[in-house]
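# Remarks on the overall topology
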Amino acid sequence: MKQFDMGDIVAVKGTDGNWTERRVMGTGYGDGTGYKVTGAQGPTDYGNAEEVSAGQVMELEEAKAQGLIQEKAPEPQSVTVDPSDVDAKSLEQEILQETNLARTNPQQFAAKIKDLIKSNYQIKTYSDGRQQLYLTLPGESTQGFNIPSESAQYQNDVEEAITFLENQTSLSALAHSAGLSKSAMDLAKDPNNSEHTGGDGSSAHQRMARYGTGGRGENLGGGNTVFAVVAGFIIDHNVPDRGHREIIFDSAITHLGVGCHYFPKKEWLDDEGYTNTISAFMRAVMNTGENWVDK
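One structure accompanies this document, and this report is about it. Keep in mind the model is a prediction, meaning the values are calculated, not measured.

About the cut-offs
- Residues numbered from 1 in each chain as written.
- Predicted model: local features only at pLDDT ≥ 70, side-chain atom pairs only at ≥ 80, totals over all residues.
- Heavy atoms only, no water.
- Core = buried A, V, L, I, M, F, W, Y, C linked by side-chain atoms within 4.5 Å.
- Buried < 20%, exposed > 50% of the residue type's maximum accessible area, 1.4 Å probe, protein only.
- Helix = DSSP H or I, 4+ residues; strand = E, 2+ residues; numbered from the N terminus.
- Contact = heavy atoms within 4.5 Å.
- Polar contact = N/O pair within 3.5 Å; in protein donor to acceptor, adjacent residues only side chain to side chain.
- Salt bridge = Lys/Arg side-chain N within 4 Å of Asp/Glu carboxyl O.
- Pairing = 2+ DSSP bridges.

## Considering the nonpolar core
By size, the foremost hydrophobic cluster in this structure holds 35 residues, and its most contacted members are Ile 95, Phe 109, Ile 113, Ile 117, Ile 234, Ile 235 and Met 286. Listed by contribution, the elements that provide at least two residues to this core are α2 (83-104), α3 (106-116), α4 (151-167), α7 (226-235), β11 (255-263) and β14 (281-294). Broken down by element, this core gets its largest block of residues, eight residues, from α7.

What follows is the structure, encoded as structure tokens:
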């Protein structure tokens, strides 16, 4: 029987006997071979997650081939629109709002981290005894949020971020900048970048200068929800100088632009030779400006 990993899209047989498309949220449930999956409404139905046995789970393509799940007719859309950017446009505004919440009311954002992160830890144990902490957040936007990490260090980073936020003074909200959003999107959609260096060799400040004056800082990260992106920058796991957090809480900045782009599922080998898998994810880039002026 095929084994599925967290984040895989699968077919699941519900209690009513019908097969539906769902997302794997966790493994090892029931007798140890079962799964935690999203609800019957689909891969983003995190609020109705349930536990199922391994026998209730099948590869999605196999289920479609057997006629257990019908292919959905694609929704009509303009051929000039990139579907990945349709979702991204609204997410850019949401990320701006979430960032402003953290800046203007850091204590409230600390409470949100306590509620959404500290209460959703899971520990996954591998066959070789290796353990990893997984954080599965309820679907706040279009996807779930899973991050494997060293349990103790990640939890320490979360606690440190909460303490920081609880003691942080309120800062002014940031204004949206179309120019900074364009420069951020240049990197977000770049398949050939090396960290903050674009595939064309450009630096963050060079990209920002294309669209205006007053560029200050750039954050590059990812996640699958608005909260995941902003909280990830603030927690700054395994970044000792908390550079991403410092950019968000820079008291001198006045403007923010965000670029978002979805990338397909990918797999990679970690330093110990283990295969890691991440489902389709959103790359998010923040560009900040001080007294920024769009061109």
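## Things to note about the environment of Tyr 35
When you line up the elements, Tyr 35 lands in strand β3 (residues 34-37). Note: C-alpha distance between Tyr 35 and Phe 4 (31 residues apart in sequence) is 8.4 Å. In this structure Tyr 35 touches Lys 2, Gln 3, Phe 4, Val 24, Gly 26, Thr 27, Tyr 29, Glu 50, Glu 51, Val 52, Ala 54 and Val 57, once residues within four positions along its chain are discounted. Separated by 3.0 Å, the side chain of Tyr 35 and the backbone nitrogen of Phe 4 make a polar contact.

## What about the pattern of salt bridges?
Summed over all chains, the structure comprises eleven salt bridges. Close ionic contact of Arg 22 with Glu 50 constitutes a salt bridge, the shortest N to O distance being 2.9 Å. Here Arg 22, found in strand β2 (residues 19-29), pairs with Glu 50, found in strand β4 (residues 50-52); they are 28 residues apart in sequence, far enough to count as distant. A salt bridge links Asp 186 to Arg 210; the nearest nitrogen and oxygen atoms lie 3.0 Å apart. Of this pair, Asp 186 sits in helix α5 (residues 178-188) while Arg 210 sits in the loop between α6 (204-209) and β10 (212-223); the two residues are 24 residues apart in sequence, bridging distant segments of the chain. Of the residues examined, Asp 186 reaches a relative accessible area of 26% and is grouped as partly exposed.

## Observations regarding the side chain of Asp 250
As for its placement among the helices and strands, Asp 250 is situated in the loop between α8 (243-248) and β11. Given a relative accessible area of 17%, Asp 250 falls into the buried group.

## Things to note about the pairing of β3
Pairing between β2 and β3: four bridges, direction antiparallel. Following the sheet pairing, Val 24 is matched in β3 by Val 37.

From the geometry alone we can't say anything about function, so treat these as descriptive.
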